[in-house]
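# Report on the structure
Here is what each chain is made of, one letter per residue.
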Amino acid sequence: KNLLSIKDLHASVNGQPILNGVDIAINPGEVHVLMGPNGAGKSTLANVVMGDPRYRVDKGNIFFEDEDITEEKTDARARRGMFLSFQAPEEISGITVENFLRTAKAAYTGEEIKLLPFRKELRAKMEELGMDASYAARYLNVGFSGGEKKKNEILQMSILNPKLAILDETDSGLDIDAVKTISESLQRYKNKENAVLIITHITRILQSLSVDYVHIMAEGRIIRTSDASIIDKINRDGFASVLG
Ligand code: ADP
Ligand code: MG
Ligand code: MG
């Protein structure tokens, strides 16, 4: 069965249509990339797939493991194993990175997360991401650089271990070394059961990853789906060359 299947999805915000009939199928084990010009609807698609209440689904369906989740709330989708990278939007005073992630994992799994084993897991994952151990004890987002915020998204993903991870421009604003680290951690994270949908402009994040499908989105539709070879073409001839 498909992990995620989106059928003829139409969605709007404040009465304005943004998604105009999106079809995508993602199977366990696959890496999908979603590209397209600014304003194409990529982030909207990610948000609608996660059940963001700001958007209205006007037509079509979203299935996760063959169950129709089109009307389901975000937290229920998360418990199914769906994850959208989110930048914890603001500084939350008094909450450390460790506390934040442990609370998120408890909410996500519905289980009590014991401090010491969690701390050990967190340390190991932070080390993989090249994050200093002191980071865990820092207050969330207080004085974080752009790169630290982005790595925090990947850290969330690897701690929550979702079946489907959607990463919305997790690479933007990162230096070359940080993009490489993230690319490598994604490849490590991937296995036969899970899948990743990466929304990106920067194909460098794909360098250590083996990509199965690339979808090009424009004006609220997937206008083209291709294998990874299209990435070279985009790098060589620019994005416009694959739009027509
Ligand atoms: P992309 O991620 O491909 O750059 P978005 O999905 O962010 O595109 O945006 C697609 C269009 O939908 C844009 O015109 C954007 O302004 C509009 N849009 C998206 N979300 C909202 C929202 N919450 N409120 C109003 N307009 C929105
Ligand atoms: Mg954008
Ligand atoms: Mg976007």
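Residues numbered from 1 in each chain as written. Chains lettered and ligands numbered in written order. Predicted model: local features only at pLDDT ≥ 70, side-chain atom pairs only at ≥ 80, totals over all residues.

### Observations concerning the overall build of the chain
The line we're drawing: The way it works is that DSSP assigns letters per residue, a run of H or I at least four long becomes a helix, a run of E at least two long becomes a strand, and they are numbered from the N terminus. C-alpha atoms define the radius of gyration in this analysis, and the globule rule sets the expected value at 2.2 Å times the number of residues to the power 0.38. Placing a C-beta atom from the backbone of each residue, one calls two residues in contact when those atoms lie within 7 Å.
Within the chain one finds seven helices and ten strands. For the chain, the C-alpha radius of gyration of 18 Å lies close to 18 Å, the compact-globule estimate for 244 residues. Based on the C-alpha atoms only, the size of the chain along its principal axes is roughly 50 × 40 × 35 Å. Long-range contacts, defined here as pairs at least 24 residues apart, represent 70% of the contacts in the chain between residues at least 6 apart.

### With respect to the confidence of the model for the chain
Put simply, the rule is: Each residue carries a pLDDT score, the predictor's own confidence in it, on a scale running from 0 to 100.
Taken over all residues, the pLDDT of the chain has a mean of 89, while the share at 70 or more is 97%. Here the predicted complex carries an ipTM of 0.96, next to a pTM of 0.91.

### Thoughts on the nonpolar core
Inclusion rule: A set of buried residues drawn from Ala, Val, Leu, Ile, Met, Phe, Trp, Tyr and Cys, joined through C-beta atoms within 7 Å, is what defines a nonpolar core. Here a residue counts as buried when 20 or more other C-beta atoms sit within 10 Å of its C-beta, as exposed when there are 12 or fewer, and as partly exposed otherwise, the C-beta atoms being derived from the backbone.
Within the largest apolar cluster, 54 residues are counted, with the highest numbers of intra-cluster contacts made by Leu 164, Ile 166 and Val 196. When near neighbours in sequence (up to four residues on either side) are disregarded, Leu 164 contacts Leu 3, Leu 4, Ile 26, Gly 81, Met 82, Phe 83, Asn 194 and Ala 195.

### Considerations on the site of ligand 1
We apply this condition: Any residue qualifies as near a molecule or strand once its backbone-derived C-beta atom lies within 6 Å of it.
In the region of ligand 1, the neighbouring residues are Val 13, Ile 18, Gly 36, Asn 38, Gly 39, Ala 40, Gly 41, Lys 42, Ser 43, Thr 44 and Arg 54. For the shell around ligand 1, the leading source of residues is helix H1 (residues 42-49), giving three residues.

### With respect to the sheet that holds strand E5 (residues 67-68)
Worth spelling out the cut-off: A pair of strands is labelled paired if DSSP reports no fewer than 2 bridges between them. A fitted line through C-alpha atoms serves as each axis, taken over the contacting stretch for helices, and the angle formed by two N-to-C directions is quoted from 0 to 180°.
A sheet is described by the order of its strands in space; here four strands give the open sequence E2-E1-E4-E5, paired in antiparallel fashion. Of all the strands in the sheet, just strand E2 (16-26) and E5 have a single pairing partner and so form its edges. Two strands pair when backbone bridges link them, and strand E1 (residues 4-13) and strand E4 (residues 56-64) are joined in this way by seven bridges, in the antiparallel orientation. Across the sheet, the residue bridging to Ser 12 is Arg 56, located in E4. In the packing of H1 onto the sheet, contacts are made with E1, E2 and E4, and the angle to E2 comes to roughly 70°.

### Points about the environment of Val 57
Mapped onto the fold, Val 57 is located in strand E4. What makes Val 57 partly exposed here is the crowd of 16 C-beta atoms within 10 Å. Here the alpha-carbon distance between Val 57 and Ile 69, two residues twelve residues apart in the chain, equals 12 Å.

### Overview of the packing of helix H4 (residues 115-128) against helix H5 (residues 146-160)
Note the threshold: Oblique is the label for any angle not covered by the other classes, which are roughly parallel (under 35 degrees), roughly antiparallel (over 145) and roughly perpendicular (65 to 115). Handedness of a crossing is defined here by the sense of rotation of the near helix relative to the far one, left-handed for an anticlockwise turn of less than a right angle and right-handed for a clockwise turn.
The N-to-C vectors of H4 and H5 enclose an angle of 135°; their axes lie 10 Å apart at closest approach. Relative to H5, H4 is oriented oblique. Handedness of the H4/H5 crossing: right-handed. For the pair H4 and H5, the contacting residues are Leu 122, Lys 125 and Met 126 in the first and Leu 155, Ser 158 and Ile 159 in the second.

### Brief notes about the pairing of E2
Here eight bridges tie E1 to E2, and the two strands are oriented antiparallel to one another. Within E2, the residue paired with Leu 4 across the bridge is Ile 26. Taken together, E1 and the strand that follows it, E2, pair antiparallel across an intervening segment of two residues, in which Asn 14 is found at a positive phi of about 50°.

### Observations regarding H1
Burial runs high along H1: six of the eight residues are buried. All of the buried residues in H1 are Lys 42, Thr 44, Leu 45, Asn 47, Val 48 and Val 49. Gly 51 sits one or two positions beyond H1 and adopts a positive phi of about 85°.

### Remarks on the pairing of strand E9 (residues 213-218)
As defined by bridge partners, strand E3 (residues 31-35) adjoins E9 across four bridges and the pair is classed as parallel. Directly across from His 32, in E9, lies its bridge partner Tyr 213. As judged from the five bridges shared by E9 and strand E10 (residues 221-226), these two strands associate in the antiparallel manner. Looking at E10, one finds that Val 214 is bridged to Ser 226. From the end of E9 to the start of E10, which pair antiparallel, there are two residues, and Glu 219 there has a positive phi angle of about 50°.

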